[in-house]
Amino acid sequence: MFSKRVSLIFGKFLLLPRYISKFYQVLVRVAMAVDNQELEVFYDEGCVVYEAVWGEHMHSGYFDAGNTRDFRAAQIRMLEELLAWAGVPDDEQSRPRNILDVGCGFGGTSRYLSNKYSANVTGIALSKYEIGRARAIAKAEGVCDKVAFQVADALSLPFEDNQYDLVWCMECADHIADKLKLMQEMTRVAKPGGWVVLTGWCHREFTHGETSLKKHELKILDKVRAAYLLPPWCQTSDYKVIAIDAGLQGVKVEDWTRHMLPFWGLLTAEIFTLRGAFKILTSGWAHLRASISLAYHFSYMDKGFKTGVFKYAVVMGKKDKK
């Protein structure tokens, strides 16, 4: 039985170029008109692979000269560096007690923030599978009294105004075309004086007289957008205008590309480790196909950032205390 399964898997490997080509062609057709239902299906179908590869934190890592290999440690480092950069306090008197995690994935960051600040955290995502896994993990870890998850639309948050001390959004804005509406909703539910923190993928800044990326740069970006059902990207500097227009005060925006450059190369390699390969091979043929496609497009993410076409933006602001 085992030998037959191995033979079947290797036989289907011969068809991978055809599957990848068809997969890419389909995604190209839908990427320009993505709606919430498409995104929900996209993540529901790919979540087994994402969890196997990314782990509990579905976001980039922060690297320095002392750590260029361990991307899971770098993911935690990214959280700590971002919180420090945004000036989110951790003392008993000023720490955030109620936090909203927009685009929470499997809830790893929600649980981390809850533990760090002893805070009540609500995580939202479009994917029913992601929310189901987040709830299951929270239950297994015994933290359901502090962390809750629900399916919700980031552009229409089902919460009253002025609810959260910290509104957090890591690499979710990339899937949302109306970034101003997203920032307005995050600002709306933040308490007066509360923090709004966001990270996102961008393309490089246009030089004087430019109105578009160069043809070879667009080729890389279009492949990534098609693979992940992404709307058009903006420049890092655009986020400052968006945050101010949303009503935030003390806005800071920076390019942290240099800090996360090794991430996508390491993520690609994770698919081919014994740990990653075992999880994927035992999850079924559909997920195996998704894994090969992901590895193919991870390489374009890696190329985009390392050639300077893609940028990693970090954004923070505070809601007016009035």
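Look a little higher up for the structure.
So, how was this worked out
Here the residue index of a chain counts from 1 through its sequence in written order. Local features in this predicted model are restricted to residues of pLDDT 70 or higher, and side-chain atom pairs are both shown and tallied only at a pLDDT of 80 or more, whereas totals for entire chains, interfaces and linings draw on every residue. The side-chain figures draw on all heavy atoms in the structure; neither hydrogens nor water molecules are used. Strand pairing requires that DSSP identify at least two bridges connecting the strands. Going along the chain from the N terminus, every DSSP run of H or I of four or more residues is numbered as a helix, and every run of E of two or more is numbered as a strand. The axes are straight lines fitted to the C-alpha atoms, using for helices just the contacting stretch, and the angles between their N-to-C directions are given from 0 to 180°. Pairs of residues are marked as contacts when any of their non-hydrogen atoms sit within 4.5 Å. Remark: exposure states derive from per-residue accessible area (1.4 Å probe, protein chains only) relative to the maximum for the residue type, with buried under 20%, exposed over 50%, and partly exposed in between. Basic side-chain nitrogens of Lys or Arg form a salt bridge, by our definition, when they fall within 4 Å of a carboxyl oxygen of Asp or Glu. Every angle not falling under 35 degrees, over 145, or within 65 to 115 is termed oblique; those three ranges are roughly parallel, roughly antiparallel and roughly perpendicular. We call a crossing left-handed when the near helix sits turned anticlockwise from the far one by less than a right angle, and right-handed when that turn is clockwise. Residue polarity follows a fixed list, in which Ala, Val, Leu, Ile, Met, Phe, Trp, Tyr, Cys and Pro are nonpolar, Asp, Glu, Lys and Arg are charged, and the others, Gly among them, are polar. As used here, the term nonpolar core means buried Ala, Val, Leu, Ile, Met, Phe, Trp, Tyr and Cys residues forming a set that is joined through side-chain atoms within 4.5 Å.

Student: With reference to specific residues and values, describe the sheet that holds strand 7 (residues 310-319).
Tutor: As summarised here, the arrangement of the seven strands in space is 3-2-1-4-5-7-6, forming an open sheet in which the pairing is mixed. Edge strands, defined here as strands with exactly one partner in the open sheet, are strand 3 (147-151) and strand 6 (248-255). Between one strand and the next, the sheet's axes are offset by a mean angle of 15°, whatever the strand orientation. One ladder, built from six bridges, connects strand 6 with strand 7; its direction is antiparallel. Bridging from a neighbouring strand, Leu248 pairs with Lys319 of strand 7. Sheet contacts for helix 4 (residues 71-86): strand 4 (164-170), strand 5 (190-203), strand 6 and strand 7; angle to strand 4, the most-contacted strand, approximately 130°. Strands in contact with helix 7 (residues 179-189) are strand 1 (98-102), strand 4, strand 5, strand 6 and strand 7; relative to strand 5, the strand with the most contacts, it is inclined by about 155°.

Student: Tell me about helix 5 (residues 108-117), and please be specific about residues and values.
Tutor: Of all ten residues in helix 5, seven are buried; the element is thus mostly enclosed. Burial in helix 5 covers these residues: Gly108, Thr109, Ser110, Arg111, Leu113, Ser114 and Tyr117. The inward-facing, buried residues of helix 5 contact helix 4, strand 1, strand 2 (120-125), helix 6 (128-141), strand 3 and strand 4. Taken from the residues just after helix 5, Ser118 is the one with a positive phi, measuring 50°.

Student: Run through the environment of Tyr129, naming residues and quoting values.
Tutor: Here Tyr129 shows up in helix 6. Since its relative accessible area comes to 30%, Tyr129 is described here as partly exposed. Here the alpha-carbon distance between Tyr129 and Gly105, two residues 24 residues apart in the chain, equals 9.2 Å.

Student: For the pairing of strand 5, give the residues involved together with the corresponding values.
Tutor: Of all 14 residues in strand 5, twelve are buried; the element is thus mostly enclosed. The pairing of strand 5 with strand 7 spans nine bridges and is antiparallel. Considered in strand 7, the bridge of Trp201 is made with Tyr312.

Student: Residues and numbers for the pattern of salt bridges, please.
Tutor: Evaluation of the coordinates by the stated rule reveals 16 salt bridges. The partner of Arg111 in a salt bridge is Glu56, and the shortest N-O contact between them spans 2.8 Å. Here the residue Arg111 occupies a position in helix 5, and Glu56 occupies one in the loop between helix 3 (36-54) and helix 4, the gap between them amounting to 55 residues. Classification of Glu56 by relative accessible area gives partly exposed; the value is 39%.

Student: Hey, could you go over unusual backbone geometry for me, with residue numbers and the actual values?
Tutor: Even without being a glycine, Ser118 presents a positive backbone phi close to 50°. Structurally, Ser118 can be placed in the loop between helix 5 and strand 2. On the accessibility criterion, Ser118 (44% relative accessible area) is partly exposed. One non-glycine residue with positive phi stands out, namely Asn162, at about 60°. Locating Asn162 in the fold gives a position in the loop between strand 3 and strand 4.

Student: Lay out the packing of helix 4 against helix 5 with the relevant residues and their values.
Tutor: Running from N to C, helix 4 and helix 5 point in directions that differ by 55°, and their axes come no closer than 12 Å. One element, helix 4, and the other, helix 5, form an angle in the oblique class. The way helix 4 lies across helix 5 gives a crossing that is right-handed. Within the contact between the two elements, helix 4 uses Ile76, Leu79, Glu80 and Leu83 and helix 5 uses Thr109, Tyr112, Leu113, Lys116 and Tyr117. Looking at side-chain class alone, the contact of helix 4 with helix 5 contains six nonpolar, one polar and two charged residues.

Student: So what's going on with the nonpolar core? Which residues, and what values?
Tutor: By size, the foremost hydrophobic cluster in this structure holds 51 residues, and its most contacted members are Trp168, Tyr228, Trp264, Phe310 and Tyr312. For this core, the leading source of residues is helix 4, giving eight residues. Filtering out sequence-adjacent residues up to four positions away, Trp264 remains in contact with Trp54, Ser60, Trp201, Tyr228, Phe298, Met301, Asp302 and Phe305. Grouped together as the second largest cluster of nonpolar side chains are 30 residues, Ala154, Met183, Val189 and Val315 included.

The values are spatial; any link to function lies outside them.
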